[in-house]
Amino acid sequence: MSRMLLLSVLVLVSTASGQDRNPPSGAGPVPALPVVHLPSGEECIAGQVIIKLDKSLRGSIESAVREGIIQVGVPVLDKLCRRFGVTGFQRIMRHPRPSRLALNMGLDMQYLLSFDASLDVQQVIQEFEDSPLVDHACPNALLTLHGQTGTVPPQEGLSPLVPYDTPDDPRYSEQWHLPHIRAPRAWDIAHGDSNVAIAVLDVGLKWNHPDHAANLWINSAEDINANGRFDPQPPPDGDLDGLDQDRNGYADDVIGWDFMQGDPNPMEQGNDNHGTMGYGTANAVTDNDTGIAAPPWNVSNMVLRCGQNGYVSLNAAIAAIYYAVPQGVWSVSMPWGSTRPYQPLADACLFMWQSGALGVGSAGSSGNETRMYPAAHEGVIAVAASDRNDYKTSFSNYGTWIDVCAPGIDLLTTTGNSGYTFWSGTSASCDLVTGVLGWFKSAYPGIDNDSALALLQNLCDSMPDPLYLQGKLGAGRIAMASDISRSVRPEKILSPSSVVDSGMPITPRIVVRNIGDETADSIDIHFIIDDQMDRVIYADSTYLLNMPGPSVETIMFTPWVAVGRDSLGCMAWTFWSGDSYVHDDTIASRFLVRVRDIAILDVKFSQTGETLYPDTARILAHLANYGNVTLRFPLLTNIGMMFDTVWVESLAPGESLWVASDTYRLRVGVWVCNVRVSVAGDLHPENNDTSFVFYVRGAIDKDVACEEILVPSGVMDTLPFLPRARYANYGTSDVTCTTYCRIEDTVTDVIVYSDRVPVLLVVGDTLTVAYRPCTLKVEGPYMVACSIHLVGDQNWLNNFIHQGFRVGAGVGIEGEPKLKPKGVALEPTVVRGILAIPLAADRRQRATLHDPTGRLVMVLKPGDNVIRHVTPGVYFVRTAEGGSTSAVRKVVIQR
């Protein structure tokens, strides 16, 4: 994927008068946010900081208010919360079931902290970042919008309307930019699809505007009266019943969400009109005999309010991305930014791209090459603004990081009071591209985000601006269709991928697209692979006859075997007689040939589907032998503290096979699965280890369920602790139940602890239950079981879960481990990847590795003195001899 960037500049926005959120019209200005001006030049919201916690704390954060201060159950963090008087500790990703990608990226560990607005934001950030439990911290920055209203432009110089499909909107003739990007030609191919959703992260939308109401995205699960529109009033006439029917963390979100005020009505407020202008440019209702048209010819607008008064809140923008992506949004406009990169936003943009959506960012309006963010982050399309003559506008930023240009001056769009206005800015260009991407998805439903980006760039027209020839305006000015009757171009190299294995056969494959509307015949398609000396080591070609337009074909070439270890390049192009666009018909990529002895190709569960349920399952691993001899080796698997070893008796060179582990009993919760192959003498062991996070949720047919046992788990100290478990209501009504917790000694099978707590469970909600304190003074293995009982529950067997743990003196429960001897210095030692522990083989020494909560991660014995394959993070190493602790040290393991 080409690197894509978003540019932005701190420019206050002047918008036209508009309507209030309820509505009515004529409301005054929105109250200003409490703003702090930092020495770095940043502006942020006072009393708020965004942090990302280490993934090792997942499941350990339990917010509670004590004397008005938030406490989360982790001593190190609780101390900081008390120091700064933290009154809010809100998780940004509110969805109760984050995707596997989100869990792998640790996005569920991002939190917004709130405290007194008079405190020094920088000091709060610094002290939280100094904690080893915090990955990073940053202010809740205010990111400036990049659009402005303008005067009515002169009518001369408009692009002539071409005789293609044109809408009946009365002011369409004033929209010079639509024929300029050949929208009428595209509309001959297809109109929009309401199943495609786009969003503009802005200050909201006057969603009752006559040129927007018909294009609103509708969340049918929350549309209580099922009339296909948003009625912001209580039932029976309205949709505001206060319930979260689709269980996404947001109640009554019929058309989207207001992330500034935390309610389901994202109406643009006061005199703010930037969002309504943006949505009008991207997707005003087209062919409705009213107002204006837009590129998609009607897709759906998911309305997300993330700012006010010319700014967007960093926290609100991130939360909006986390809301929109699981809802299936296709393209997202981000017409704002800052010169400073913020890691939480970088994570959100990468999550959006890897989830299959497209983020689009404005280039900013300082007229220079300054890089703005989030466009500089991977996964965002950077858009600069162009004028009627395809030159960069005077205000637009530019540079080698720009992906495309789009018209951005004097665009007619919607505004408040059901009106229309002309506006300019890279915001307008950004919103325009977002709408064009919506049309791509309507015209080609099977297209993915990578292919959509390639199509966007391939369709671009060249520009006369000298900056274009210098590579500082990206692929050129966007177009929605080709300006020739037929145009067949290679779009994407599918194979070889970025890394291939030496000795394994590879079939080169490319995607070819006819972006015209006529059939193309006798297309000559070529593919070559060359080395770093530009010597061709593979070449093949084929013909494609009678390719209709528009259409897509996957072309396969003769199989090829890579040998050795090298960095190679590949190139594909199409050609036919009379083609005057040869320069657009070539694509290229590079890949690495690697040598491996044995490797794990794929891992999956015997259960199918994205979501696993509490039941038995096996780990299935696909293994391959890349070496020169037949191998015998063990496959090692573990889920949490459950381990299994399967011996592969014989795997010949070049062969592969699927190996199944023994049966695991899955229980509800978030888990890490590790799969490893151990081969004596393997020169490339780093390729033989894989791990991933997965989620096991309660069965859908449950009424009530115990979701997860929080404490006890792992290794516990012989000190008092509070058993805790999380319960959920999957039924259709609120119920009063009794929850149970018992602990038994697995050696004697004697129950050593039991307690019961009655609870009220609200539909769709989860509840953490704390039982009375427990002290286990006898060291050894134990089993904890938690359950919940509801009279008449037909699925009561699903309401019981259990897990094993050990009790051993000297290991703390939470916070920094209570390791002996006291007073040992815990200055951190930073290592990368591998940690060596000097244990003498002739002495009774051993070492244990613990996470920050004190739970046991690994035990090392004499002779086994190297720790590998440990997830990067903060740990404590305890070395002992003869049962007594001899040393303790803190270790930060990095990749």
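Preceding block: the structure.
All of these numbers come straight from a predicted model, not from anything done at the bench.

1. Quick notes on the overall build of the chain
Per the secondary structure count, the chain includes eleven helices and 54 strands. Excluding contacts between residues fewer than 6 apart, the proportion of contacts in the chain whose partners are at least 24 apart in sequence is 71%. Accessible surface for the chain amounts to roughly 35700 Å². Of this, 50% is attributable to carbon and sulfur atoms.

2. A short note on the pairing of strand β47 (residues 800-807)
Where burial is concerned, the two faces of β47 differ: the one with I801, Q803, F805 and V807 is buried and the one with F800, H802, G804 and R806 is not. Pairing of strand β46 (residues 780-789) with β47 involves eight bridges; the strand directions are antiparallel. For G780, the partnering residue across the bridge sits in β47 and is V807.

3. Some points on the sheet that holds strand β21 (residues 488-495)
The three strands are arranged β21-β24-β27 in an open sheet whose pairing can be described as antiparallel. With one partner strand each, in any of the chains shown, β21 and β27 (551-556) form the two edges of the open sheet. Each neighbouring strand pair of the sheet contributes to a mean axis angle of 25 degrees, computed without reference to strand direction. With six bridges joining them, strand β24 (residues 509-514) and β27 adopt antiparallel strand pairing. Across the sheet, the residue bridging to V511 is T554, located in β27. The sheet strands contacting helix α10 (residues 449-458) are β21 and β24, and the helix crosses β21 at an angle near 150 degrees.

4. Looking at the pairing of strand β26 (residues 536-544)
Pairing of strand β25 (residues 523-530) with β26, which is carried by eight bridges, proceeds in the antiparallel orientation. Bridge pairing in β26 links D530 to V536. What sits between the antiparallel neighbours β25 and β26 is a turn of five residues, in which D534 has the positive phi angle 65 degrees.

5. Side note on the environment of M463
Assignment of secondary structure puts M463 in the loop between α10 and α11 (466-469). Accessibility expressed as a relative area gives 5% for M463, which makes it buried. Excluding its chain neighbours within four sequence positions, the residues that come into contact with M463 are S386, D390, Y391, K392, C405, Y468, L473, G476 and R477.

6. Digging into the side chain of D223
Note on placement: D223 falls in the loop between β9 (197-202) and β10 (256-258). The charged side chain of D223 is buried without a salt bridge, its nearest counter-charge being R229 at 7.7 Å. Contact partners of D223, with chain neighbours within four places excluded, come to I218, G228, R229, D239 and V254.

7. Looking at the nonpolar core
Within the largest apolar cluster, 97 residues are counted, with the highest numbers of intra-cluster contacts made by F259, L304, L437 and I478. Among the elements that make up this core, the one with the highest residue count is helix α7 (residues 314-324) (ten residues). Residues in contact with L304, not counting those within four places in the same chain, are A199, V200, L201, D202, G204, G256, W257, F259, Y279, A320, Y323 and A324. Counting 30 residues, the second largest nonpolar core, distinct from the first, contains I61, L80, M109 and L133.

8. Comments concerning unusual backbone geometry
In this structure, the amide linkage connecting Y373 to the following residue, P374, adopts the cis form with an omega of 20 degrees. Along the polypeptide, P374 turns up in the loop between β16 (358-362) and β17 (380-386). Here the residue pair V711 and P712 is connected by a cis peptide bond, since its omega of 10 degrees sits within 30 degrees of zero. Within the fold, P712 resides in the loop between β40 (704-711) and β41 (714-716). Here E67, not a glycine, exhibits a phi torsion of approximately 55 degrees, which is positive. Structurally, E67 can be placed in the loop between β3 (64-66) and β4 (69-71). With a phi close to 55 degrees, A226 is a non-glycine residue in the positive phi region. Considering the arrangement of structural elements, one finds A226 in the loop between β9 and β10.

9. A look at helix α8 (residues 343-354)
Counted at 1.5 Å a residue, the expected span for α8 with its twelve residues is 16 Å, and the 16 Å between its end C-alpha atoms agrees. Turning to α8, its buried residues number three or more, namely P344, L345, A346, D347, A348, C349, F351, M352 and W353. After α8 finishes, the residue G356 shows a positive phi value of roughly 105 degrees.

10. Examining α7
When you tally the buried positions in α7, you get eleven out of eleven residues, the bulk of the element. Listed as buried for α7 are L314, N315, A316, A317, I318, A319, A320, I321, Y322, Y323 and A324.

11. Overview of the sheet that holds strand β42 (residues 724-729)
Taken in spatial order, the three strands make up an open sheet running β40-β42-β45, and their pairing is antiparallel. The outermost strands of the open sheet, each flanked by one partner alone, are β40 and β45 (766-770). Between one strand axis and the next, the sheet turns by 25 degrees as a mean value, whatever way the strands run. In this structure, β42 lies alongside β45, joined through five bridges in antiparallel fashion. Paired with Y727 across the bridge in β45 is L767.

12. A short note on the side chain of D524
For D524, the location among the structural elements is in strand β25. A polar contact of 2.8 Å, which involves the side chain of D524, links it to the side chain of H526. Contacts of D524, omitting those with residues within four sequence positions, involve S541, T542, Y543, W573, T574 and F575.

13. Remarks on the pattern of salt bridges
Any two side chains of opposite charge can pair if their charged atoms end up close together. In this structure the tally under the stated criterion is 20 salt bridges. Between R477 and D461 there is a salt bridge whose closest N-O contact spans 3.1 Å. Of this pair, R477 sits in the loop between α11 and β21 while D461 sits in the loop between α10 and α11, placing them 16 residues apart in sequence. For the pair shown, R477 and D461 are each scored as buried.

14. Considering the packing of helix α1 (residues 75-84) against helix α3 (residues 121-129)
At a minimum axis distance of 11 Å, the contact between α1 and α3 shows a crossing angle of 165 degrees. With respect to α3, the axis of α1 lies roughly antiparallel. Both α1 and α3 take part in a crossing whose hand is right-handed. Packed against α1, whose contacting residues are L80, C81, R83 and F84, the element α3 presents Q123, V124, E127 and F128 at the interface. Taken together, the residues that form the contact of α1 with α3 break down as five nonpolar, one polar and two charged.

15. A short note on the packing of aromatic side chains
Applying the stated criterion to the full structure yields 17 aromatic pairs. Relative to F557, the ring of F527 lies with its centre 5.3 Å away and its plane at 35 degrees, an arrangement referred to as tilted. Of the two residues, F527 sits in strand β25 while F557 sits in the loop between β27 and β28 (560-561), which places them 30 residues apart along the sequence. An identical accessibility class is assigned to F527 and F557; each is buried. Both rings, one in Y538 and one in W560, keep their centres 6.1 Å apart while their planes meet at 55 degrees; by these two values the pair is tilted. Of this pair, Y538 sits in strand β26 while W560 is found in strand β28, placing the two residues 22 residues apart along the sequence. Residue W560 is classed as buried on the basis of its relative accessible area, which comes to 11%. Three or more aromatic residues joined by ring pairs make a cluster, and in this case those are F527, Y538, F557, W560 and F591. Between the NZ or CZ atom of R94 and the centre of the ring of Y250, over which it lies, the distance is 4.0 Å.

The rules behind these values
- All chains use their own residue numbering, which begins from 1 and follows the written sequence.
- Only residues with pLDDT of at least 70 get local features here, since the model is predicted, and only at 80 or more are side-chain atom pairs given and counted; chain-wide, interface and lining totals rely on the full set of residues.
- In computing side-chain values, all of the structure's heavy atoms are included and hydrogens and water are not.
- Working definition: helices are DSSP H or I runs of at least four residues, strands are E runs of at least two. Numbering for both runs from the N terminus.
- Note on contacts: a residue pair is in contact if any heavy atoms of the two residues lie within 4.5 Å.
- To measure how exposed things are, a 1.4 Å probe is used in the Shrake-Rupley method; for residues, cover is taken only from the protein chains shown.
- Burial classes: relative accessible area under 20% of the type maximum marks a residue as buried, over 50% as exposed, and values in between as partly exposed (1.4 Å probe, protein chains only).
- Strand pairing follows a simple DSSP-based rule, namely that at least 2 bridges must link the two strands.
- All axes here are fitted lines through C-alpha atoms, helices being fitted over the stretch that makes contact, and every angle between N-to-C directions spans 0 to 180 degrees.
- Two residue types count as positive, namely Lys and Arg, and two as negative, namely Asp and Glu; His and chain ends fall outside the count.
- Salt bridge, as used here: a side-chain nitrogen of Lys or Arg that lies within 4 Å of a carboxyl oxygen of Asp or Glu.
- By nonpolar core we mean a set of buried residues, namely Ala, Val, Leu, Ile, Met, Phe, Trp, Tyr and Cys, connected to one another through side-chain atoms within 4.5 Å.
- Expected helix span is given by 1.5 Å per residue-to-residue step, counting one fewer step than there are residues.
- N or O atoms closer than or at 3.5 Å make up a polar contact, with two conditions inside protein: a donor-capable atom paired with an acceptor-capable one, and, for residues adjacent in sequence, both atoms drawn from side chains.
- Roughly parallel covers angles under 35 degrees, roughly antiparallel covers those over 145, roughly perpendicular covers 65 to 115, and oblique covers all other angles.
- A crossing counts as left-handed when the near helix is turned anticlockwise from the far one by less than a right angle, and as right-handed when that turn is clockwise.
- When residues are grouped by polarity, Ala, Val, Leu, Ile, Met, Phe, Trp, Tyr, Cys and Pro land in nonpolar, Asp, Glu, Lys and Arg in charged, and all others, Gly among them, in polar.
- Stacked, tilted and edge-to-face are the three classes assigned to paired rings of Phe, Tyr and Trp, where Trp is represented by its six-membered ring and a pair needs centres within 6.5 Å; plane angles under 30 degrees give stacked, over 60 edge-to-face, the rest tilted.
- Geometrically, a charge over a ring is one whose NZ (Lys) or CZ (Arg) sits within 6 Å of the ring centre while staying within 35 degrees of the ring normal.

Any functional reading would require information that these geometric values do not contain.
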